[in-house]
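Geometric and topological summary
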Amino acid sequence: METHVSGPSRPRSAESGELLSRTAEIAAAWLESLDRRPVGATATVGELRSRLGGPLPGGPADPLVVVEDLARAAEPGLVAIPSGRYFGFVIGGGLPAAVAADWLTSVWDQCAGPYVCGPAASVAEEVAGAWLGQLLRLPEHASFAFVPGCQTADLTCLAAARHHVLLAAGWDVEEQGLNGSPPLRVLVGAHRHASVDRALRFLGTGRAGLTAVPADDSGRMQASRLREELAAGEAPTIICAQAGEVNTGAFDDLDAIADAATEAGAWLHIDGAFGLWAAASPALRHLVKGAGRADSWAFDTHKWLNVPYDSGLAFCAHPDSHRAAMSVSADYLVLGGPGRPREPMDWTPAFSRRARGFAVYAALKSLGRQGVADLVERTCAHARAFAAGLAGLPGCELLTEVVINQVLFRFTDDQTTDRVLRQVVQSGEAWLSGTTFGGRRAIRLSVSNWQTTEGDVARALDAFRNAVTRDPGLSCSGSCRDGRPSNRRIPLLRELPAAVKADGEPSAKTPSQCGPLAP
Ligand SMILES: Cc1ncc(COP(=O)(O)O)c(C=O)c1O
């Protein structure tokens, strides 16, 4: 009996080429529009639902038409995140080589779980992981995993931590689970990122199980208070420190915290989503002094390294614990083999997964060690220039010193702060987001994009100047001499040392299978 199977016919390669070429044109037009277009989205959610919505199509459609329609419908709902005038959250753009490699990643469509499904993907991760370790000065023997972002990196690291400290207490959590296990003690900074709590929740430590160590005015965990907490009890202990507070960019005193962790026999994890990149800059490296002494590190490559979403890394100084917490096996899985390939799925929480290493590899190869340092230092310089410009605006108060690429500020009162922010965002000239810090409304900006120029900063400052000039709350209330409220005391802006002393190559030797990171 003959069986007929219907479905879309396989496009000839010329047609696939036409589709990808047209897609590249649409993508290039988007990039070229960035300087002209409003930074924020212009469509409402209702408009986007009607543009993109409709009934499930009953049958196939021409892929070229599908892509053109999608691009047209989505266009007003796109945020110009790759623009140099996007200063929201902590979000990088996409470096050209990384974006192009990310496209190839989709076209190649490797499943980077088992080596056998993507040998090149596995080796690209192996090489890029080693390069990252060198760049961020992590121990040479550390294991790593390419994950969707810092939240998943925290999860990966903290799963390894949980395994390690419970095993030391005689409990194999991978075998026995958490029921009846010795209680875990988890100490976190009061200003930790919310994703740390979520990672811990996934691992069975709820909010009530956390001990929050008080932080100073910039959000730095107080190491002396950590010591007091550690002295107050004994249990398998995990400490979560932070490199780069999301509002202020402040760094915990990692060296002091590492001392305390060592004395207490605790696992020290560092959430360094963006702040850990300070290690790549000779001028900023002092901020992460002691970071290399931790047991695990989580950070993003989609933030300061400007790799397209989603891309983050987990590093662990105890590969056995990392692997024990993550590895998986099944009769049908073909793992290992000649040359002892690295199996990505042994290190990540995902089974099937995107080959994230290609884009990171391309980013690192296109920048080299010097390019990464320049990117980090340049964006920090833009943040300082931004802060200096803001400080001259009537009613503007910088809330903390500028440590790296984050600036935190407000205007006169909560309402005025929110109003000025709204005006700037509505102008389309820049995009930033609000926050509440120390109980007061504030505006936070992050310069994380490789594309940001002095002109972009000036343009965004003009948008603030215009908003302030037009703001009713920032007109003279009678207390100011020149018809404007005065700006509050401006904290010292931390400068990079004038002459940056390059302090040499990292001590970690390059594993034999990986070439050195380009200078
Ligand atoms: C300090 C810190 N940790 C963790 C995260 C979570 O990172 P991701 O969104 O990449 O999962 C962020 C995000 O901004 C962060 O700033």
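Our subject is the structure that appears above.
Note on numbering: residues in each chain are counted from 1, in written sequence order. At least 70 in pLDDT is required for a residue's local features to be given in this predicted model, at least 80 for side-chain atom pairs to be given and counted, and no such filter applies to totals for whole chains, interfaces and linings, which use all residues. Side-chain measures were taken over the full set of non-hydrogen atoms in the model, leaving aside hydrogen atoms and water.

Under the scheme used here, helices are H or I runs from DSSP no shorter than 4 residues and strands are E runs no shorter than 2 residues, and both carry numbers assigned from the N terminus. Of regular secondary structure, the protein chain possesses 14 helices and 11 strands. The burial tally for the protein chain puts 50% of its 519 residues in the buried class. Every residue pair with non-hydrogen atoms within 4.5 Å of one another is taken to be in contact. Counting contacts in the protein chain only where the partners sit at least 6 residues apart, residues at least 24 apart contribute 75% of the total. What sets the accessible areas is the Shrake-Rupley method with a 1.4 Å probe; for residues, cover comes only from the shown protein chains. Working note: accessible area of the protein chain is about 23900 Å², and carbon and sulfur atoms make up 54% of it. Burial classification: accessible surface area is computed with a 1.4 Å probe over protein chains only, and a residue below 20% of its type maximum counts as buried, one above 50% as exposed, and the rest as partly exposed.

Now for the pattern of salt bridges. By definition here, a salt bridge exists when the distance from a side-chain nitrogen of Lys or Arg to a carboxyl oxygen of Asp or Glu is within 4 Å. Scanning the model with the defined rule gives 23 salt bridges in all. Linked through salt bridges whose partners overlap, the residues forming this network are D255, D259, K289 and R293.

In terms of nonpolar packing, the biggest core is built from 68 residues, with I239 and W277 touching the most fellow members. Beyond its immediate stretch of four places on either side in the chain, W277 contacts L132, L135, L136, F299, D300, T301, W304, L305, V372 and V376. Only buried residues count toward a nonpolar core, which is a set of Ala, Val, Leu, Ile, Met, Phe, Trp, Tyr and Cys residues joined through side-chain atoms within 4.5 Å.

Within this analysis, patches are made of residues with over 30% relative accessible area and no salt bridge. Like charges are joined at 9 Å or less; nonpolar side chains (Val, Leu, Ile, Met, Phe, Trp, Tyr) at 5 Å or less. On the surface, L20, L104, V107 and W108 cluster together to form a nonpolar patch covering roughly 380 Å² of accessible area. Here the nonpolar patch gets three residues from one element, more than from any other, and that element is helix α4 (residues 96-108). Mapped onto the elements of the fold, L20 is located in helix α1 (residues 13-33). L20 gets classed as partly exposed once you look at its relative accessible area, which sits at 46%.

This part is about the site of the ligand. Neighbouring residues are identified by heavy atoms, a residue being near a molecule or strand if any of them is within 4 Å of it. Near the ligand, the surroundings consist of 14 residues, among which C150, Q151, D271, D300 and H302 are the closest. Between the ligand and D300 there is a distance of 2.7 Å, counted from an oxygen atom to a side-chain nitrogen or oxygen. For the ligand, whose accessible area on its own is 390 Å², the fraction buried by protein is 83%. Across the shell around the ligand, the residue classes break down as four nonpolar, seven polar and three charged. Here a polar contact is taken to be a pair of N or O atoms separated by no more than 3.5 Å, where protein atoms must pair a possible hydrogen donor with a possible acceptor and residues adjacent in sequence count only if both atoms sit in side chains. When residue character is reported, Ala, Val, Leu, Ile, Met, Phe, Trp, Tyr, Cys and Pro are called nonpolar, Asp, Glu, Lys and Arg charged, and the others, Gly included, polar.

It is worth spelling out unusual backbone geometry at this point. With an omega of -10°, the peptide bond running from Y309 to D310 counts as cis. The topology assignment puts D310 in the loop between β6 (296-300) and β7 (312-316). Residues other than glycine seldom take positive phi values, yet T412 does so here, at roughly 45°. Mapping T412 onto the fold places it in the loop between β9 (406-411) and α13 (414-427). The class of T412 is partly exposed, set by a relative accessible area of 42%.

Buried within helix α8 (residues 194-202) are the following residues: S195, V196, D197, A199 and L200. Buried residues in α8 make contact with α6 (150-168), β2 (185-189), β3 (210-213), β4 (237-242) and β5 (267-271). Downstream of α8 by a residue or two, G204 has a phi angle that is positive, lying close to 95°.

Here we take up the packing of aromatic side chains. Aromatic pairs are defined between Phe, Tyr and Trp rings, using the six-membered ring for Trp, whenever the two ring centres lie within 6.5 Å; interplanar angles under 30 degrees are classed as stacked, those over 60 as edge-to-face, and all others as tilted. This structure, assessed with the given rule, holds 13 aromatic pairs. Judged by centre distance (5.0 Å) and plane angle (70°), the rings of W108 and F358 are edge-to-face. With a gap of 250 residues between them, W108 in helix α4 and F358 in helix α12 (residues 357-391) connect regions that are remote in the sequence. What makes W108 partly exposed here is its relative accessible area of 43%. Among the residues examined, F358 registers a relative accessible area of 11% and is labelled buried. Judged by centre distance (6.4 Å) and plane angle (80°), the ring pair of F386 and F464 falls under edge-to-face. Here the residue F386 occupies a position in helix α12, and F464 occupies one in helix α14 (residues 454-470), the gap between them amounting to 78 residues. Residue F386 shares its accessibility class with F464, and that shared class is buried.

Among the seven residues in strand β11 (residues 440-446), five count as buried, and that is most of the element. Strands pair, by our definition, only if DSSP identifies at least two bridges between them. Two elements, β9 and β11, share four bridges in a ladder whose sense is antiparallel. Residue pairing in the sheet places Q406 in a bridge with S446 of β11. The pairing of strand β10 (residues 433-437) with β11 spans five bridges and is classified as antiparallel. Residue pairing in the sheet places G434 in a bridge with I443 of β11. Taking the residues that link successive antiparallel strands as the turn, the β10-β11 hairpin has two residues, and the phi of G438 there is positive, at about 60°.

Let's shift gears to the sheet that holds β4. A sheet is described by the order of its strands in space; here seven strands give the open sequence β1-β7-β6-β5-β4-β2-β3, paired in mixed fashion. Taken across any chain shown, the strands that pair with only one partner, and hence form the sheet edges, are β1 (143-147) and β3. Recorded for the sheet is a direction-independent mean angle of 20° between the axes of neighbouring strands. Pairing of β6 with β7, which is carried by five bridges, proceeds in the antiparallel orientation. The axes are straight lines fitted to the C-alpha atoms, using for helices just the contacting stretch, and the angles between their N-to-C directions are given from 0 to 180°.

What follows covers the packing of α4 against α12. Contact pair α4 / α12: the axes reach a minimum separation of 8 Å and the direction vectors enclose 155°. By the angle between their directions, the pair α4 and α12 is classed as roughly antiparallel. Relative to α12, α4 is oriented so that their crossing is right-handed. For the pair formed by α4 and α12, the contact residues are A97, A98, A101, D102, T105 and W108 on the first element and F358, A359, A362, A363 and S366 on the second. Roughly parallel means an angle under 35 degrees; roughly antiparallel means over 145; roughly perpendicular covers 65 to 115; every other angle is labelled oblique. Each crossing gets its hand from how the near helix is turned against the far one by less than a right angle, where anticlockwise is left-handed and clockwise is right-handed.

One can find D462 in helix α14. It is 9.4 Å that separates the C-alpha atoms of D462 and G389, two residues lying 73 residues apart in sequence. There is a polar contact of 2.5 Å between the side chain of D462 and the side chain of R465.

This brings us to the environment of G88. Among the structural elements, G88 can be located in the loop between α3 (63-74) and α4. A sequence separation of 345 residues divides G88 from S433, and the C-alpha atoms of the two residues are 5.4 Å apart. Setting aside anything within four residues of it in sequence, one finds G88 in contact with W431, L432, S433, R444 and S446.

To summarise the sheet geometry, strands pair through backbone hydrogen bonds and adopt either a parallel or an antiparallel arrangement. Pairing in this open sheet of four strands is antiparallel, and the strands run β8-β9-β11-β10 from one edge to the other. At either margin of the open sheet sits one strand with a lone partner, and together these are β8 (396-398) and β10. When the angles between neighbouring strand axes are averaged without regard to direction, this sheet yields 40°. Across the sheet, α13 lies against β9, β10 and β11, angled at about 30° from β11, the strand it touches most.

These figures come from the coordinates and say nothing about function on their own.
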